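Chain residues, written in single-letter form:
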Amino acid sequence: MTTFRDGLLAGKVAFVAGGTSGINLGIAKRLAELGAKVAVCGRDAEKAARAAGEIGGDALGLSADVRDYGAIRAALEQTAGDFGLLDIVIAGAAGNFLAPALGMSANAFKTVVDIDLLGTFNTLRACHDLLNKPGASLIAITAGQADQAMALQIHACAAKAGVNQVVRTLAIEWGPDVRVNGISPGPIAGTEGMERLSPNPGMKEASESRIPMKRWGEIGEIADAAAFLCSPAASYITGAILDVDGGSSVGDAGRMDLARGLG
Ligand code: COA
Ligand code: NAP
């Protein structure tokens, strides 16, 4: 259930890289609910077509690998050709798996850096001359790993730290015509990401106990943040990384429970 007024994004055109499942599909659905024409893109063409069907209306489901500049450029061009110049671009494609640095080949490290970091650069670089300027809003989906080192995720930590600097650099280079921001979700329930990073209920409970809000987030809560950043309500926000993480990035609330126990 959206918390924004109907038609807030009417007439807008949105492209969501990695929008064929999970958090990014939730964002794509929210943008469409608010009136935007939406294209989603992933590697798997059938999955993309299914996602477009779920979004409904005239949503486009496109296939491209964000590591391939020409392919993502072609998907962006097709979207602009079908719908018009782009107002909103979400760079959300990512890959992750748990492995220690010594259990990771150079190609394994490079694979995640290429999808997350190079893929974000490619998506944002390739869309610039197709944007409806001034007023376009670009969002990269980053993660707490950008600032908080995490064992078994040296590839994602390095990649997402780079993503945050891509956001900040483009905000400087492309202001005042284009706003560029990041959203950093905390652990979000019902996603592939958390299936991979927290595969059993014990791990979920332990992670929830450390979050100030004491729960994982919902996909809709990230979609709301994206809708906000794309809306006129965020017209003076650029270069920001918005943590939507129940306070996870602020500190470990597990210590607060210990303190309560002591009191
Ligand atoms: N542990 C260690 N290495 C791993 C691994 C694991 N769990 N999974 C993959 N790799 C290695 C592979 O062995 C390969 O390295 P090698 O060539 O030295 O053997 C390298 O990573 C690339 O694997 P490949 O399967 O060819 O990559 P891909 O491009 O087909 O897929 C992944 C990319 C690996 C990130 C895949 O998990 C994926 O498609 N993820 C998308 C979904 C996702 O991760 N969602 C969560 C988003 S946060
Ligand atoms: P997901 O469901 O696995 O979504 C990943 C999307 O990216 C899919 O659409 C996938 O489609 C696409 N994709 C993957 N590799 C691609 C490539 N090389 N080229 C083009 N598209 C590609 O993941 P999720 O868990 O919802 O995560 C979504 C985003 O949120 C990611 O950026 C992730 O880092 C971030 N995030 C997630 C969490 C969480 O709790 N889940 C927390 C913090 C940050 P194909 O497989 O068909 O390509």
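Enquirer: Would you mind going over the overall build of the protein chain with me for this structure?
Expert: Helices and strands together make up the secondary structure of the protein chain, namely nine helices and seven strands. Here the C-alpha radius of gyration of the protein chain, 18 Å, is about what a compact globule of 263 residues would show, namely 18 Å. Referenced to the eigenvectors of the C-alpha coordinate spread, the extents of the protein chain come out at roughly 60 × 45 × 35 Å. The long-range fraction of contacts in the protein chain, counting pairs at least 24 apart against all pairs at least 6 apart in sequence, stands at 72%. Computed over 23 positive and 28 negative side-chain charges, the inter-centroid distance for the protein chain is 2 Å.

Enquirer: Could you clarify how one ought to interpret the packing of helix H1 (residues 22–33) against helix H8 (residues 219–230) in this entry?
Expert: For any two helices packed against each other, one specifies the inter-axial angle together with the distance between the axes. Packing of H1 against H8 leaves a shortest axis separation of 8 Å and a crossing angle of 50°. Classified by the angle between their axes, H1 and H8 sit oblique to one another. Between H1 and H8 lies a crossing of right-handed hand. On the side of H1, the interface is formed by Gly 22, Ile 23, Gly 26, Ile 27, Arg 30 and Leu 31, while H8 contributes Ile 219, Gly 220, Ile 222, Ala 223, Asp 224, Ala 226, Ala 227 and Cys 230. Along the lines of polarity and charge, the residues of the contact of H1 with H8 split into nine nonpolar, three polar and two charged.

Enquirer: Looking at this structure, I do not really get the packing of helix H4 (residues 106–127) against helix H5 (residues 154–174). What am I missing?
Expert: Interhelical geometry of H4 versus H5 gives an angle of 15° and a closest axis separation of 8 Å. With respect to each other, H4 and H5 are oriented roughly parallel. For the crossing formed where H4 meets H5, the hand is right-handed. In this structure, H4 uses Ala 108, Phe 109, Val 112, Val 113, Asp 116, Leu 117, Thr 120, Leu 124 and Arg 125 to contact H5, whose residues at the interface are Ile 154, His 155, Ala 156, Ala 158, Ala 159, Lys 160, Gly 162, Val 163, Val 166, Leu 170 and Trp 174. Here the residues of the contact of H4 with H5 sort into 14 nonpolar, three polar and three charged.

Enquirer: Looking at this structure, I do not really get the site of ligand 2. What am I missing?
Expert: In the vicinity of ligand 2, 30 residues are found, and the nearest of them are Thr 20, Ser 21, Arg 43, Ile 188 and Thr 191. At a separation of 2.8 Å, an oxygen atom of ligand 2 approaches a polar side-chain atom of Ser 21. In this structure, Lys 47 approaches ligand 2 through a side-chain N or O atom, which is 3.4 Å from an oxygen atom. Coverage of ligand 2 by the protein amounts to 90% of the 890 Å² it exposes when considered alone. Where the shell around ligand 2 is concerned, the elements lending two or more residues are H1 and helix H6 (192–197).

Enquirer: Sorry, what's going on with the side chain of Ser 231 here?
Expert: One can find Ser 231 in the loop between H8 and strand S7 (241–244). We classify Ser 231 as buried; its relative accessible area is 3%. At 2.8 Å, the side chain of Ser 231 and the backbone oxygen of Phe 228 are in polar contact. In contact with Ser 231, not counting residues within four places along its chain, are Leu 8 and Arg 179.

Parameters at a glance
Residues numbered from 1 in each chain as written. Chains lettered and ligands numbered in written order. Predicted model: local features only at pLDDT ≥ 70, side-chain atom pairs only at ≥ 80, totals over all residues. Heavy atoms only, no water. Helix = DSSP H or I, 4+ residues; strand = E, 2+ residues; numbered from the N terminus. Rg over C-alpha atoms; globule rule 2.2 N^0.38 Å. Contact = heavy atoms within 4.5 Å. Lys, Arg positive; Asp, Glu negative; His and termini not counted. Charge placed at Lys NZ, Arg CZ, Asp CG, Glu CD. Axes fitted to C-alpha atoms, helices over the stretch in contact; angles between N-to-C directions. Parallel < 35°, antiparallel > 145°, perpendicular 65-115°, else oblique. Left-handed = near helix turned anticlockwise from the far one by under 90°. Nonpolar A, V, L, I, M, F, W, Y, C, P; charged D, E, K, R; others polar. Near = heavy atom within 4 Å. Polar contact = N/O pair within 3.5 Å; in protein donor to acceptor, adjacent residues only side chain to side chain. Areas by Shrake-Rupley, 256 points an atom, 1.4 Å probe, with all protein chains shown as cover. Buried < 20%, exposed > 50% of the residue type's maximum accessible area, 1.4 Å probe, protein only.

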